[in-house]
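In case you want the letters, here they are:
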There are 2 protein chains.
Amino acid sequence: MNLQRRYSSTEKKPVSPVPVSAPQYVIEDVYPVINGGRFPAKRIAGEAVGVWADIFRDGTEVTLASLVWRREGGAASQSTPMLHHENDRWHGRFVPPEPGRYSFHIEAWSDPFATWQRDLRRRIEAGQDVSVELDEGRLMLAEAGVRPPEQDAPDAWLAPELGEAMQRAQPRGNLVTSPVFPLMVERVRARAGAWYEIMARSQGQVPGRSATFDDCIARLPDIAAMGFDVLYLLPIHPIGRTARKGRNNSLTSEPGDPGSPYAIGSAEGGHDAIHPELGTLDDFRRLVSACREHGMEVALDFAVQCSPDHPWLREHPEWFRHRPDGSIRYAENPPKKYEDIVNVDFHCKDAAGLWMALRDIVLFWVRQGVRIFRVDNPHTKPFPFWEWMIAEVQREDPGVIFLSEAFTRPKVMKALAKFGFSQSYTYFTWRTHKAELSEYISELTSFPTREFFRPNFFVTTPDILPWHLQGGEPWAFKARFALAATLSSTYGIYNGFELLEHEPIPGKEEYLNSEKYEYRTRDWNRPGNIKPFIARLNRIRRENPALLQTNNLRLAQVDHDRVMGFVKDSVDGSNAVAVAISVEGSEPKEFWFHFGGIDIGPVGNRKPVTAIENLVTGARHTLEWGGIRLRIDPTDDPMLIFRCLS
Amino acid sequence: MNLQRRYSSTEKKPVSPVPVSAPQYVIEDVYPVINGGRFPAKRIAGEAVGVWADIFRDGTEVTLASLVWRREGGAASQSTPMLHHENDRWHGRFVPPEPGRYSFHIEAWSDPFATWQRDLRRRIEAGQDVSVELDEGRLMLAEAGVRPPEQDAPDAWLAPELGEAMQRAQPRGNLVTSPVFPLMVERVRARAGAWYEIMARSQGQVPGRSATFDDCIARLPDIAAMGFDVLYLLPIHPIGRTARKGRNNSLTSEPGDPGSPYAIGSAEGGHDAIHPELGTLDDFRRLVSACREHGMEVALDFAVQCSPDHPWLREHPEWFRHRPDGSIRYAENPPKKYEDIVNVDFHCKDAAGLWMALRDIVLFWVRQGVRIFRVDNPHTKPFPFWEWMIAEVQREDPGVIFLSEAFTRPKVMKALAKFGFSQSYTYFTWRTHKAELSEYISELTSFPTREFFRPNFFVTTPDILPWHLQGGEPWAFKARFALAATLSSTYGIYNGFELLEHEPIPGKEEYLNSEKYEYRTRDWNRPGNIKPFIARLNRIRRENPALLQTNNLRLAQVDHDRVMGFVKDSVDGSNAVAVAISVEGSEPKEFWFHFGGIDIGPVGNRKPVTAIENLVTGARHTLEWGGIRLRIDPTDDPMLIFRCLS
């Protein structure tokens, strides 16, 4: 920095150094950036990452800009030009080839020769004498070692080739580099998937006895035929005996009660062991392989909690906090108590050892072929643990996906997504009115939430049988399924949903006789099941890539307050789907579905929807007045789903 | 950081250190913050600064938070508690007592004893045995050196006093500190003022001769009577002779032509000299004092450009870029040329000397009592120069205000405000339709623009006589004045506006026979002038603090597409004003002014408007159906202005 001065009228020294070399460029409002770059935006490998930024400087110099990106731990960085879009907003894009952590930044600089060429053109067009300008141009070329044009006609000096040669030869004037922004790139399953949640021990046919992994394998053809992608298993580890819960979560268990699978750990082992009743590690690996053969993959539950019989209490007493009376407090959320569980102390003296042990549990299962983990209650464990652990695991296998099961305050749920969870449970399970569903899906698909929070819409869970399904009406189950599977590209059902299981503990949103506390068998083909409905919609999802995105949703105007309508189109513009769903009530509904304002097709060639084709019946309808009159009889089918034509 | 580990099942070292002590708090979405803290938000001394942030952590610990602030170069920092508002959003406020640069940050931490108290209360309410809990409480008190309650009854342990004692005694658990954010605090004139722009040499009564500062002093009672706060003088420095411009910007001047005041510098001196025809430095200081006596202050033009006769060309040839033929390029924006001006080279070898010299010019005038500078064309000079220069000057006198005269691309104009300009010229001068005026004022009063960009609405300037005023209709002049003076708390007129001067160079938005290029005299009381209208509205502004804010504007629904309606209320809620203006056309207009949804009054006690009182006639009207039917006849008065009552 040049601090020399000759002006001496006041002899006042500057308080701050004179920043004569400070950057003249402003690079701001960069997209996609979360919390100023503290957290990564999330993208999918093989899909283009569009980057936008305001780039400008004082004065009138010609500006050039580059988007520079690299994979963490990967090859050298790559660079691609950014182009001016409008109003000082610039755009560039790159395609991350494989999952991993990436970073990008922006470089902007001035091109003095291009500026000179632009001004020369204006002078020539205004008929001005440009002889001194040409002398200046000659000097610039000489300085950069570029050969001047052979002809001295002004036009020769305007040649684009000359400009390009100078772009390469000139130093980049006023070069400014933006901060480096992180990006988390995952495999396609992080974006789209249909989850089927099971309790492994309930997959058999012998009452009062645990099923085995082989029983699970026998169930796969049926589950795959329904069109699911992910088989999610509740914890499969040995279950403690101390304070074991009885049926319906009672404090005392009867002999033969199997206990809650969340009371992890017994003499038979802890988080890296398998409940002996289910089989061996080899049996589990066979299940993983069998799933793969059926086009599915296994997701495991990761619940950081221990039964009082977990080996860690003996091997690592220092990982637990002892109370003044020498006891370890069981898990609780005062006044609620979980007597069969104790929690580790994430800030014990050997915290580092504990955190690594927890990471190693995940890595252990990754080595058994598991690449999806549903994490139980992550909001009660330190944010920094998740950020560190997920990054460690994804360094070993960037394809590992973590689903956050945090039903808590909205900002805490979003923070977990920022700290690294690929997907998140949502409030969808309890949203039933058109207005609240519309508001919620709008929030999830708006900036900035859509950049880091990927919803996974579960219709039910082992813990939640919502009020609106306790009547057991088929149209209600179908409507909730249709909403989950079309609003969100990732969704899940808990087994039994397809059988319309709906008996609650009276007055609670919980299942009566939950398989969490007892052995269960089911007739998986019980009359009245909605498996064909599920299979058909999962098939439609696979055939229509528009449904395998969430952020492309646009709500349509439907003039009925119990019918939700929306349009999704695929990123490449090749596919668009319109959906209308009766969200409440069994009464038939007639309504006008307005397409006004919704264009479809590839960017740069988007057109209004002109006709739709029913994806179930194949019937075609031409739109009139920008919309169409439709009728839903929920007792028949609460959903209409169409391919859009333009 | 504890990196010790005992778990050895995999012996895999962590790729990243285990962050067992990393912050568990998230502090995000802090308000007011510009560009993540790169630039200061702007506030006014003596007015409360409200700070908002999302603050939360994992788990269920009780959280406390503080807002910590200090004045740069001032006393030690001060701290004030932040309170939880809702949904993990927290709020705190402080009042910066005087102008200057401030900074603030947020601290958040957990209170283990408050957490223990909260849980104890829940346990007691649930009828649980709490003896072990009380032992834990005793341990916490002992560790913090706080005396336990004398009675052992559980209630004694819930006493707020005990919690407060522990708050003071306990270390702050999990303390997290946000980044430090800057704040630029200015005096009230930065927020509100009525500017009157003059060419000093035209303030006299002798045709063909320059007026003097004494002539200006003689004009002050008239200007003050119109209610202006700021007397803004076009450049008052010696004017060059080389390439002097003639009348109407002609390339050749006639003998006796005074030249453009922007061709600064001659043998008589440069930017720190006064044109001899205007008077001496003492005369100037007398003008500054006389303004003060009339409740006004002087603003000077700061134009970083030189006539070819400026002393710097001789004393500091190194500050100018010489062309291959030895000449210095005159100012231009190809193909436009400014033959009577040359520009300094901000990146010359002695850039630091030049930048300091420019700063010293401003400081020179500050020492003569000038505390407002209107800066000519700042967007063609380096952003870092402005940021540095303004900070340097405001360190010497934090009351100095800089107005950016940048009519350029929107993001560049906003960037200049971010880099430190207190106020900015705007596009208001050309916005004439209700829809575009509404859109523009909405943009200016929305986050984030409102936090750093303070508009100064000029109806005309010496360079701009917009089309819509070239007809000279009094209603048009009044409407534009009313819009400027009520939409924006800071606005200005260029002298002659009050006389309805409107003769253009045909086909251009420029004044014919502009005083920029010739001596001018005027009849300041010319019949048909709108001085009473101006004086009345400036009086209403002073009497109604709601009009001395810009960001408090809420557009009202007015069912006439040429009438704009809005409501402003003062920050303390003590004053609210409703305005309706006919923005175009002389035809009478009847319309319904809807107040629906606009509440007024102090925060926490806001109520709907129920009646309005005409601030000109005193007439009172009670609202019906949430609004009122009004009539404007622009040829009489294009504005209706009311005090709102609730």
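Before reading further, recall that the structure is shown in the block above.
Residues numbered from 1 in each chain as written. Chains lettered and ligands numbered in written order. Predicted model: local features only at pLDDT ≥ 70, side-chain atom pairs only at ≥ 80, totals over all residues. Heavy atoms only, no water.

Asker: Looking at this structure, how should I read the overall build of chain A?
Answerer: The helix and strand inventory of chain A stands at 14 helices and 30 strands. The proportion of buried residues among the 646 residues of chain A is 59%. Looking at chain A alone, contacts between residues at least 24 apart form 75% of all its contacts between residues at least 6 apart. If you sum the accessible surface of chain A, you get close to 25400 Å²; carbon and sulfur atoms cover 50% of it. In chain A, which carries 77 positive and 85 negative side-chain charges, the distance between the mean positions of the two groups comes to 2 Å. (Helix = DSSP H or I, 4+ residues; strand = E, 2+ residues; numbered from the N terminus. Buried < 20%, exposed > 50% of the residue type's maximum accessible area, 1.4 Å probe, protein only. Contact = heavy atoms within 4.5 Å. Areas by Shrake-Rupley, 256 points an atom, 1.4 Å probe, with all protein chains shown as cover. Lys, Arg positive; Asp, Glu negative; His and termini not counted. Charge placed at Lys NZ, Arg CZ, Asp CG, Glu CD.)

Asker: Just checking my understanding: could you explain the interface of chain A and chain B for this structure?
Answerer: Put simply, an interface is often sized by how much accessible area is lost when its parts join up. Between chain A and chain B, the contact holds 85 residues from the first and 85 residues from the second. Here chain A is connected to chain B by 16 salt bridges. Across the pair Arg409(B) and Asp88(A) runs a salt bridge whose closest N-O atoms are separated by 2.8 Å. The interface formed by chain A and chain B holds 36 residue pairs in polar contact (both at pLDDT 80 or more) in total. Elements that contribute at least two residues to the side of chain A that touches chain B include exactly β1 (25–31), β3 (49–57), α1 (112–125), α2 (131–144), β13 (330–333), α8 (351–367), α9 (383–396) and α10 (410–419) of chain A. It is α8(A) that provides the largest number of residues to the side of chain A that touches chain B, a total of 10 residues. Residue composition of the side of chain A that touches chain B, by class: 34 nonpolar, 16 polar and 35 charged. (Salt bridge = Lys/Arg side-chain N within 4 Å of Asp/Glu carboxyl O. Polar contact = N/O pair within 3.5 Å; in protein donor to acceptor, adjacent residues only side chain to side chain. Nonpolar A, V, L, I, M, F, W, Y, C, P; charged D, E, K, R; others polar.)

Asker: How should the relation of the copies chain A and chain B be read in this particular structure?
Answerer: The operation linking the two copies of the chain is a rotation about an axis combined with a translation along the axis. Expressed as a screw operation, the relation of chain A to chain B combines 0.0 Å of axial shift with a rotation of 180°, fitting to an RMSD of 0.0 Å. Taken together, the rotation and translation describe the operation of a two-fold axis. Relative to the rotation axis, the C-alpha of Gly36(A) is the closest in chain A, positioned 3.2 Å from it. A share of 100% of the interface residues of chain A reappears at the interface of chain B, consistent with the copies meeting face to face through the same patch. (Least-squares fit on C-alpha atoms with pLDDT ≥ 70 in both.)

Asker: How should I be thinking about the packing of helix α8 (residues 351–367) of chain B against helix α9 (residues 383–396) of chain B in this particular structure?
Answerer: Each pair of packed helices can be summarised by the angle the axes make with each other and by the distance between the axes. Residue and element names in this part refer to chain B. With their axes 10 Å apart at the nearest point, α8 and α9 run at an angle of 35° to one another. The chirality of how α8 crosses α9 is right-handed. Every residue of α9 that contacts α8 at Trp355, Met356, Leu358, Arg359, Val362, Leu363, Val366 and Arg367 is listed here: Pro384, Phe385, Trp388, Met389, Glu392, Val393 and Glu396. A breakdown of the residues in the contact of α8 with α9 according to their chemical character gives 11 nonpolar, no polar and 4 charged. (Axes fitted to C-alpha atoms, helices over the stretch in contact; angles between N-to-C directions. Left-handed = near helix turned anticlockwise from the far one by under 90°.)

Asker: How should the sheet that holds strand β24 (residues 589–594) of chain A be read in this particular structure?
Answerer: All names here are of chain A. Read from one edge to the other, the open sheet built from 3 strands follows the order β21-β24-β29, with strand pairing classed as antiparallel. Each having just a single partner strand, β21 (557–558) and β29 (627–632) make up the two edges of the open sheet. With 2 bridges connecting them, β21 and β24 associate as antiparallel partners. In the strand pairing of β24, Gln557 is matched with His594. (Pairing = 2+ DSSP bridges.)

Asker: Looking at this structure, I do not really get the packing of aromatic side chains. What am I missing?
Answerer: Aromatic rings considered in pairs are described by the distance between their centres and by the relative angle of their planes. Within the structure shown, the criterion is met by 74 aromatic pairs over all chains. Centroid distance Tyr425(A) to Phe458(A): 5.0 Å. Interplanar angle 5°. Geometry classified as stacked. Of this pair, Tyr425(A) sits in the loop between β17 (423–424) and α11 (434–444) while Phe458(A) sits in strand β18 (residues 457–458), and the two are 33 residues apart along the sequence. What makes Tyr425(A) buried here is its relative accessible area of 2%. Residue classification places Phe458(A) among the buried residues on the basis of a relative accessible area of 1%. Pairing Trp355(B) with Phe385(B) gives two aromatic rings, centres 5.4 Å apart and planes at 80°, and the pair type is edge-to-face. Here Trp355(B) is found in helix α8, whereas its partner Phe385(B) is found in helix α9, with 30 residues between them in sequence. Trp355(B) gets classed as buried once you look at its relative accessible area, which sits at 0%. Aromatic ring contacts, followed pair by pair, group Phe302(A), Phe346(A), Trp355(A), Phe373(A), Phe385(A), Trp386(A), Trp388(A), Phe402(A) and Phe421(A) into a single cluster. Positioned over the ring face of Tyr25(A) is Arg57(A), at 5.9 Å from the centre of the ring. (Phe/Tyr/Trp six-rings, centres within 6.5 Å; stacked < 30°, edge-to-face > 60°. Lys NZ or Arg CZ within 6 Å of the ring centre and 35° of its normal.)

Asker: Is there a simple way to think about helix α6 (residues 281–293) of chain A in this case?
Answerer: Side chains three or four residues apart in an α-helix point the same way, a direct result of the helix having 3.6 residues per turn. All names here are of chain A. Over its 13 residues, α6 extends 19 Å from the first C-alpha to the last, a length consistent with the 18 Å expected when each residue adds 1.5 Å. Packing partners of the buried residues in α6 comprise α5 (213–225), β11 (230–233), β12 (297–302) and α8. A side-chain oxygen of the first residue of α6 lies 3.3 Å from the backbone nitrogen of Asp282; this N-cap is Thr280. Immediately beyond the C-terminal end of α6, within one or two residues, lies Gly295, with a positive phi of roughly 75°. (Expected span 1.5 Å × (residues − 1).)

Asker: In this structure, what is going on with the sheet that holds strand β20 (residues 553–555) of chain B? I would like to understand it.
Answerer: Across a sheet, paired strands are connected by hydrogen bonds in the backbone, their directions being either parallel or antiparallel. All names here are of chain B. Taken in spatial order, the 6 strands make up an open sheet running β20-β22-β23-β30-β27-β28, and their pairing is antiparallel. Lying at the two open borders of the sheet, with one neighbouring strand each, are β20 and β28 (620–622). Across the sheet, the mean angle separating the axes of adjacent strands is 25° when strand polarity is ignored. Across 5 bridges, strand β23 (residues 576–582) lies against strand β30 (residues 639–645) in antiparallel orientation. Note that in β30 the partner of Val579 across the bridge is Ile641.

Asker: It is not clear to me how the pairing of strand β24 (residues 589–594) of chain B should be interpreted in this structure. Could you clarify?
Answerer: When β24(B) meets strand β29 (residues 627–632) of chain B, the two strands line up antiparallel, connected through 6 bridges. Within β29(B), the residue paired with Glu590(B) across the bridge is Arg631(B).

Asker: Honestly, the environment of Ala190(B) in this entry has me stumped. Any pointers?
Answerer: Residue and element names in this part refer to chain B. Mapped onto the elements of the fold, Ala190 is located in the loop between β9 (181–186) and β10 (193–198). Expressed as a C-alpha distance, the spacing of Ala190 and Ala479, which sit 289 residues apart in the sequence, is 25 Å. Dropping the residues within four chain positions of it, Ala190 is found in contact with Ile44, Ile401, Ser422, Gln423, Arg454 and Thr490.

Asker: Where do I start with the side chain of Asp637(B) in this structure?
Answerer: Residue and element names in this part refer to chain B. Considering the arrangement of structural elements, one finds Asp637 in the loop between β29 and β30. Residue classification places Asp637 among the buried positions, given a relative accessible area of 15%. A polar contact of 2.9 Å, which involves the side chain of Asp637, links it to the backbone nitrogen of Met639. Beyond its immediate chain neighbours, meaning those up to four positions away, Asp637 contacts Phe533, Arg536 and Ile632.

Asker: What is the right way to read the pattern of salt bridges from this model?
Answerer: Where charged atoms from two side chains of opposite charge come close, those side chains can pair. Taken as a whole, this structure holds 120 salt bridges over all chains when the rule is applied. The shortest N-O distance in the salt bridge between Arg522(A) and Glu501(A) comes to 2.5 Å. Of this pair, Arg522(A) sits in the loop between β19 (490–494) and α14 (531–543) while Glu501(A) is found in the loop between β19 and α14, placing the two residues 21 residues apart along the sequence. With a shortest N-O distance of 3.0 Å, Asp283(B) and Arg286(B) are connected by a salt bridge. Note that Asp283(B) and Arg286(B) are positioned in helix α6 (residues 281–293) at a spacing of 3 residues, about one turn of the helix. What you see here is one network of salt bridges that share partners, running through Arg123(A), Glu133(A), Glu136(A), Arg323(B), Arg329(B) and Glu332(B).

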